[in-house]
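What follows is the residue order along each chain.
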Amino acid sequence: METIKKKDIRALTKEQIRAFFVAQGDKAFRGNQVYEWLWQKGAHSFEAMTNLSKETRHQLDTNFVINHIKVDQMQRSSDGTIKNAVQLHDGLIVESVLIPTKTRTTACVSSQVGCSLDCRFCATSRLKRMRNLNPDEIYDQVVAIDNESRLYFDRKLSNIVFMGMGEPLMNYNNVLKAIDKITSPEGLAMSPKRIIVSTSGVPKMIKKMADDEVKFKLAVSLHSAIDEIRTSIMPFNATFPLKDLREALQYWYSKTKSRITYEYVVWDGINDTQNDANALVEFCRFAPSKVNLIEYNPIDDGEFQQASNKAIDMYVTTLERSGITVTVRRSRGKDIDAACGQLANKSN
Ligand code: SF4
């Protein structure tokens, strides 16, 4: 007997689901009902779609599957941070993190299984890049964290950062589709202004984002504004040097007029001198900028160590003197390896 290869129904647009029903001699609006079950009500089976007839549910079941993620393991940090190990439909695992503050809940989500890039200070870079996440797999991580936020903190998710595993601009189309769903009234209806896509700096894609007139915010993991040093810690900088990154960011700013945030870790003996801080000021002068100085969380071999408080203070003074907004961000969830740069499937 010939078996029908079932399609993932969540890869279809609403129009495509409507067209499916029309082709079956049914009403197009059934497609709207199914779409609502899939995206607003988070149904994991056709059986759960109780306003459809038994025949319709059977028909869907014969033709489609609903791929969905499963939170395989959840760890809670002493500071309230939650890390989810998320199992995908093919058994691969990614991680996402809920970061609570007094007033906000932020979801830090993954965009790839492993990463295409090779930042030497990052635990994820040690995992082979297996594949890009699909839009629904990104969306589901957000929904899972929204549910946890309601359950444990009695409030809905307020912000999203694409700073988990993977380089989001290397999976641009799927990230964009996921954000479309997250911001759509038929999804989570979140404001794009509450979403930050953080890139290690892929110039061509930054320009594309500007051309696409995206409404979310951009952050760049810079870590050094001196090519030689940046290449030594982020080897892909040899391919995408700072000159190209800066030109792309200038283009982004000219199109969007949106402030650029730089993520920056100061490491002992790597980028902790006055010369490094001056180079950073020079790099970000061209547009309104904000620098987040992030506390570093050593990964196993301890090659990279957080710089002294004196070095951090020197950066703060240098940036403030030049009129650049600067914040020092303490790390969250260190005890469960959920902090920046620590996501590496240890829970796996
Ligand atoms: S820091 Fe980001 S871009 Fe660099 S290897 Fe890690 S996950 Fe990939």
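Values in this document were obtained by computation on a predicted structure and should not be read as measured data. Numbers given to residues run from 1 along each chain, matching the order in which its sequence is written. Restriction of local features to residues with pLDDT of at least 70 applies here, the model being predicted, together with a cutoff of 80 or more for giving and counting side-chain atom pairs; totals for whole chains, interfaces and linings are based on all residues. To get the side-chain values, take all heavy atoms of the structure and skip hydrogens and water.

Colleague: So what exactly am I meant to see when it comes to the overall build of the chain here?
Modeller: Secondary structure elements follow DSSP: runs of H or I of four or more residues count as helices, runs of E of two or more count as strands, with numbering from the N terminus. A count of helical and extended segments in the chain gives 10 helices and 14 strands. At 22 Å, the chain has a C-alpha radius of gyration in line with the 20 Å of a compact globule built from 348 residues. Principal axes of the C-alpha set define a box for the chain whose edges measure 70 × 45 × 40 Å. In this scheme, a residue with accessible area under 20% of its type's maximum is buried, one over 50% is exposed, and one in between is partly exposed, where area comes from a 1.4 Å probe on protein chains only. In the chain, which comprises 348 residues, the share counted as buried stands at 52%. The criterion used for residue contact is that any of the two residues' heavy atoms lie within 4.5 Å. In the chain, once contacts between residues fewer than 6 apart in sequence are set aside, the share between residues at least 24 apart is 65%. Exposure was quantified through the Shrake-Rupley algorithm and a 1.4 Å probe, taking into account, for residues, occlusion by the shown protein chains and nothing else. As displayed, the chain offers around 16200 Å² of accessible surface, 49% of which is attributable to carbon and sulfur atoms. Averaging the coordinates of the 48 positive side-chain charges in the chain and doing the same for the 42 negative ones gives two points 5 Å apart. For the radius of gyration, the atoms used are the C-alpha atoms, and the globule rule reads 2.2 Å times the number of residues raised to 0.38. Only four residue types enter the tally: Lys and Arg on the positive side, Asp and Glu on the negative side; His and the chain ends are excluded. Where a charge sits is defined by one atom per residue type, namely NZ (Lys), CZ (Arg), CG (Asp) or CD (Glu).

Colleague: When you look at helix α10 (residues 309-321) in this model, what are you seeing that I'm missing?
Modeller: One turn of an α-helix holds 3.6 residues; hence residues three or four places apart share an orientation. For α10, which comprises 13 residues, the first-to-last C-alpha distance of 18 Å matches the rise-based estimate of 18 Å (1.5 Å per residue) to within 8%. Listing the buried residues of α10 in full gives A311, I312, M314, Y315, V316, T318 and L319. Packing partners of the buried residues in α10 comprise β12 (260-264), α9 (274-284), β13 (289-294) and β14 (325-329). Following α10 by one or two positions, G323 has its phi on the positive side, about 80°. Multiplying 1.5 Å by the residue count of a helix minus one yields the expected span of that helix.

Colleague: What's the story with the site of the ligand in this structure? I'm lost.
Modeller: Whether a residue is near a molecule or strand depends on its heavy atoms: it is near if one of them lies within 4 Å of it. Taken together, C115, L117, C119, C122, T124, S125, G166 and S200 make up the full set of residues adjacent to the ligand. Residues are grouped as follows: Ala, Val, Leu, Ile, Met, Phe, Trp, Tyr, Cys and Pro are nonpolar; Asp, Glu, Lys and Arg are charged; every other residue, Gly included, is polar. Classifying every residue of the shell around the ligand by side-chain character gives 4 nonpolar, 4 polar and no charged.

Colleague: How do you make sense of the layout of surface pockets when you look at a structure like this?
Modeller: Empty space within the second largest pocket amounts to approximately 380 Å³. Here the term cavity refers to a set of points on a 1 Å grid, laid over the protein atoms alone, in which a 1.4 Å probe fits but cannot get out; the term pocket refers to an open set having protein on both sides within 12 Å along at least five of seven lines, with lining residues being those that place an atom within 4 Å of a point. Lining the second largest pocket are 21 residues; nearest its centre among them are G42, H44, D140, V143 and N147. The set of elements that each furnish at least two residues to the lining of the second largest pocket consists of α2 (29-39), β3 (70-76) and α4 (135-153). Of the residues in the lining of the second largest pocket, the class split is 10 nonpolar, 6 polar and 5 charged. Segment limits for the domains were obtained from an automatic or database-derived domain assignment. Looking at which domains feed residues into the lining of the second largest pocket, each of domain 1 (7-65) and domain 2 (70-336) supplies at least three. Grid points are joined across faces, edges and corners, and a volume is the space filled by probe spheres set on the points.

Colleague: It is not clear to me how the packing of aromatic side chains should be interpreted in this structure. Could you clarify?
Modeller: To describe a pair of aromatic rings, you give the distance between the ring centres and the angle between the ring planes. Two rings from Phe, Tyr or Trp (for Trp, the six-membered ring) form a pair when their centres sit within 6.5 Å of each other. Planes less than 30 degrees apart are called stacked, planes more than 60 degrees apart edge-to-face, and all others tilted. Across all of its chains, the model carries 12 aromatic pairs by this definition. Taken together, a centroid distance of 4.9 Å and an interplanar angle of 70° make the contact between F20 and F64 edge-to-face. With F20 in helix α1 (residues 14-23) and F64 in strand β2 (residues 64-65), this pair connects stretches of sequence that are 44 residues apart. F64 matches F20 in its accessibility class, with the two residues each being buried. Criterion for a charge above a ring: Lys NZ or Arg CZ within 6 Å of the ring centre, and within 35 degrees of the ring normal. Sitting over the face of the ring of W39, K181 holds its NZ or CZ atom 4.5 Å from the ring centroid. Geometry around Y253 places K257 over its ring, the cationic atom sitting 5.1 Å from the centre.

Colleague: Whenever I open this one, the UniProt feature "active site" (unreviewed entry) in the chain confuses me. Can you help?
Modeller: If you check UniProt for "active site" (unreviewed entry), the listed places come out as E95 and C340 in our numbering. Assignment of secondary structure puts E95 in strand β5 (residues 93-100). UniProt positions are given in the numbering used here, feature names are shortened, and annotations may be inferred rather than shown by experiment.

Colleague: Hey, could you run me through the sheet that holds strand β11 (residues 217-221) in this one?
Modeller: Sheet strands pair via backbone hydrogen bonds, and the direction of the pair is either parallel or antiparallel. Two strands pair under a simple rule: DSSP has to find at least two bridges between them. If you trace the 10 strands from one edge of the open sheet to the other, you get β3-β4-β5-β6-β9-β10-β11-β12-β13-β14, paired in mixed fashion. Both outer strands of the open sheet, β3 and β14, are each paired with one neighbouring strand and no more. Mean inter-strand twist for the sheet, computed between neighbouring axes without regard to direction, equals 20°. Inspection of the sheet shows strand β9 (residues 159-162) paired to strand β10 (residues 195-199) by 3 bridges, in the parallel sense. Across the sheet, residue V161 finds its bridge partner in β10, namely I196. Convention adopted: a line fitted to C-alpha atoms gives each axis, helices being fitted over their contacting stretch, and angles between N-to-C directions are expressed from 0 to 180 degrees. Of the strands in this sheet, β12, β13 and β14 touch α10, which is tilted by about 160° from β14.

Colleague: Sorry, what's going on with the pairing of strand β4 (residues 82-87) here?
Modeller: On any regular strand, side chains alternate: one points to one face of the sheet, the next to the other face. Burial of β4 is extensive: 5 of the 6 residues sit out of reach of the surface. In this structure, β3 lies alongside β4, joined through 6 bridges in antiparallel fashion. When the bridges of β4 are listed, V71 appears paired with V86. Between the end of β3 and the start of β4, which pair antiparallel, lie 5 residues, with G80 showing a positive phi angle near 95°. As paired strands, β4 and β5 are joined by 6 bridges and run antiparallel to one another. The residue bridging I82 from the neighbouring strand is L98, located in β5. Following β4, the chain reverses through 5 residues before pairing antiparallel with β5; G91 in that reversal takes a positive phi of roughly 95°.

Colleague: Help me understand the side chain of T106 in this model?
Modeller: Following the sequence through the fold, T106 ends up in strand β6 (residues 105-108). Taking the relative accessible area as the measure of exposure, T106 reaches 12% and is therefore buried. Filtering out sequence-adjacent residues up to four positions away, T106 remains in contact with V97, L98, I99, L157, N159 and V161.

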